[in-house]
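# Close look at the chain arrangement
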Amino acid sequence: MNIMPFPRPRRLGKVNVPTVTLAHGGGGKAMKDLIDDVFVEAFDNAALAPLEDQARFDLAAIAELGDRLAFTTDSFVVDPLVFPGGDIGKLAVCGTVNDLAVGGARPLYLSCAVIIEEGVALDLLRQIARSMAEAAKDAGVQIVTGDTKVVHKGACDKLFITTTGIGAIREGVTLGAHLARPGDAVLVNGLLGDHGAAILGARGDMALETQVESDCAALHGLTDALLAAAPNTRALRDATRGGLATVLNEIAAASETAIEIDETQTPIREEVKGFCEILGLDPLYLANEGKIAAVVPPEEAEAALSAMQAHPLGAGSSIIGTVNEGEAGRVTMKTVFGGRRIVDMLVGEQLPRIC
Amino acid sequence: MCLGIPGRIVKIDDAAKRLATVDVGGVKRQVNIACIVDDARPVEGCVGDWVLVHVGFAMSRIDEKEAAETLKILTELGEAQAEIEAMRLSAAEVGRAAS
Amino acid sequence: MKYIDEYRDRDKAAILVKEIEALVAEIPLAKERPINIMEVCGGHTHSIFRYGIEGMLPKEIELVHGPGCPVCVLPMGRVDDCVAIAERRGVIFTTFGDAMRVPGSKKSLMQAKADGADIRMVYSPMDALEIARKNLDREVVFFGLGFETTMPSTALTVLQAEREGVTNFSVFCNHITIVPTLKAILESPDLNLDAFIGPGHVSMVIGTAPYEFIARFYKKPMVVSGFEPLDVLQSVWMVLKQIKEGHADIENQYARVVPEEGNKAALEAVEKVYELRDFFEWRGLGSIDHSGVKLREAYAHFDAERKFAVPNLQVADPAACQCGAVLKGVIKPWQCPLFGTACTPETPLGALMVSSEGSCSAYYQYGGVKAQAGAA
């Protein structure tokens, strides 16, 4: 793919101090050592190795994989950096891979830009870079270009990562929230709210002990399987910040339909329910990092469900509701109790309540 | 102020300070049990008890008998309704057979 | 989850709805006007919307959402006082989450936090005390908010702080009492309430005796209710039975949690630490006598109001605010001219739109699928 083969292998620089300093962002030898030690060491691939200002790819080769280019970017500022089930690095890779996957794209290459607060431990950075490398390898993508900045204490919260990704969309695959139609089925691939609960638990301010882990995972294998079984799938959305409720509202608004889901079919882990009961939170609004909402024509719903259930990341898949005629943009839920409630867009942040 | 949730006391953390760990659906949290202990029901005997937790304090013991009673009333109501419905249906049957 | 799932049972709900419909048919009053049942507590409002209970009831029943939401009735002046304390150098201001968005005359605690004040959300006053232990060079203030349910927790925390000799911890006390509120509602000339669904968790502290005056003097039935949807439905059923039978009593639907006599240890702690204020201001309801508590002189060193100078100003609601009328159940949220236009969850003018238990916020976000049909 790389049209500029690297002339010869070179020795990578190393950082010999325990924490990052402003010197490591200065552009000089210290910065080269940091990039080599942390990122090149971990990401090591042919496209990255030359360390030019840009990675280069043969367009024709990409065009063999699809007829459209998918292009996405995301910033990751999660706190704490390391949490049960993953870390900011894994999140940064999977999050961007998933944004490509829900467009029906095969994820190909990622860029990785980091902003590091001075004083961050090198060991922690190495751990996160390794995490990114592992996630990229599992996802079959390469991190091919990047940027490193170091800022003084207080200018950022430990570490911010931005990943941008490109992928190729296969001919004939057309997904869009506006394509949902009355009669369509709405599916999810498993338990909702795990990531949000894991992060809140890990932050510690509520002093809750929980075993819940983030569901952070790259979903393109799952989406491939889904699209193979249900080629007329209308829309796929990654249910990240704002949770399932947010993506359903987006789909309903874009397609000017109403969506109703059934609480008894909406899978939520017992522990996440307990977590939400204690704090007075609604699990429908908790973030996920390994869950999609899929809108599928009714005649393909069963096939879609089977395909997702057969995939390791979709064992808990469920048909949770339907798209209907009705007030455009309105999302409702038939409650476990038999009544009906509206599932509105989140306003501000969800706050634990005492009432 | 209302948000209270049933939880089960799983261990005593500090008897003198009246602190225990409670389990709500698998999530654990330390709570103060001063309100639910007394001479008759000492701290040590609390493990396994169900309590109502509000802002980190166990405010009441859940009375298992009363809980069952509340549901029993509803079950009995349901049975009565079913009986009435059955009588109504059979009366309709008799009416049809007679005509 | 035990003691939760059983009270969300759909089949038992159907049984109750059938009984309720049968009762309504036998109540003559229902043929002339709706039966107005006030559910006092914010937690009940939340449950009713969260489970869509209103839509399950016959149209002859009108659920009126009362003022039992301590976040909703927090006056702007008190929020300003909180902000003033929080913005002082060296202070760590701790608060329950839902209080953070209530607007003050200039800003909310959330905005003050964005502006740099050290404001931290806590789940329990005990967590605030722990922050004080861990930050001996800072003054930690806990925003004590809530009805009698939460009073004991704050009181017990103060007593623990005293036992340990903690000197950098204090409470900004905004605890309010339920009985004067209920009296104010019952005395209100605009109201036409037939019965009450009583606050379950306040009652687990104070017992059921304090409500006797509602039945004896005002001749209205009240059923103290749990918070699961089946509890609320069952309480509606019990209230309707009383109306049909023509008597008024205080009943306890929530017997599994509420002891008739209340909680002795909690009441003792409350008695030890607090005394009644002569009057206290409620947003939307004005000043109500003996409706708030403050820390006793003996605990002055834990009283943030004495430790810190606060503006202590009475700030009037925006003139167009109808929060008071909505709080008393005189008008429905959508009947307020500002509802959904100038006043929305993103831009709340009144506290009823800020807290997720406030009836305006609940109507706006959860539906009132029935209400919207009514408003249309």
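Procedures and definitions
Residues numbered from 1 in each chain as written. Chains lettered and ligands numbered in written order. Predicted model: local features only at pLDDT ≥ 70, side-chain atom pairs only at ≥ 80, totals over all residues. Contact = placed C-beta atoms within 7 Å. Helix = DSSP H or I, 4+ residues; strand = E, 2+ residues; numbered from the N terminus. Nonpolar A, V, L, I, M, F, W, Y, C, P; charged D, E, K, R; others polar. Buried ≥ 20, exposed ≤ 12 C-beta atoms within 10 Å, placed from the backbone. Domains from an automatic or database assignment. pLDDT = per-residue confidence, 0-100. Axes fitted to C-alpha atoms, helices over the stretch in contact; angles between N-to-C directions. Parallel < 35°, antiparallel > 145°, perpendicular 65-115°, else oblique. Left-handed = near helix turned anticlockwise from the far one by under 90°.

### Quick word on the interface of chain A and chain B
Residue-level contacts link 16 residues of chain A with 12 residues of chain B. Elements supplying a minimum of two residues to the side of chain A that touches chain B: strand S8 (208-209) and helix H8 (270-279) of chain A. In terms of residue count, H8(A) provides more of the side of chain A that touches chain B than any other element does, seven residues in total. Considering only residue class, the side of chain A that touches chain B consists of six nonpolar, four polar and six charged.

### What to know about unusual backbone geometry
All names here are of chain A. For the bond from Asp79 to Pro80, the omega torsion is 10°, close enough to zero to count as cis. The topology assignment puts Pro80 in the loop between strand S1 (68-76) and strand S2 (82-83). Despite not being glycine, Glu256 shows a phi value in the positive range, around 55°. Mapping Glu256 onto the fold places it in the loop between helix H7 (243-255) and strand S10 (258-262). With 11 C-beta atoms packed within 10 Å, Glu256 lands in the exposed category.

### Some points on the domain arrangement of chain C
All names here are of chain C. Taken domain by domain, chain C holds domain 1 (1-73 + 179-256 + 318-376) and domain 2 (76-176 + 292-307). For domain 1 versus domain 2, the separation of C-alpha centres amounts to 30 Å. In this complex, domain 1 contributes 12 residues to the contact, which on the side of domain 2 involves 12 residues. Sorting elements by how many residues they give to the side of domain 1 that touches domain 2 places helix H8 (residues 200-206) first, with four residues. Classifying every residue of the side of domain 1 that touches domain 2 gives eight nonpolar, four polar and no charged.

### Brief notes about the confidence of the model for chain C
Residues and elements named next belong to chain C. When the pLDDT values of chain C are averaged, the result is 91; 97% of them are 70 or greater. Contacts for the low-pLDDT stretch residues 368-376, under 50 throughout, to residues beyond four places or in other chains number 12 contacts. Scored by ipTM, the complex comes to 0.92, with pTM at 0.91.

### Some words on the packing of helix H5 (residues 125-134) of chain C against helix H6 (residues 151-164) of chain C
All names here are of chain C. Where H5 contacts H6, the axes come no closer than 9 Å and their chain directions differ by 25°. By the angle class used here, H5 and H6 are roughly parallel. Crossing handedness for the pair H5 and H6: right-handed. In contact with Pro125, Met126 and Leu129 of H5, H6 contributes Ser153, Thr154, Thr157, Gln160 and Ala161. Looking at the contact of H5 with H6 residue by residue, the class counts come to four nonpolar, four polar and no charged.

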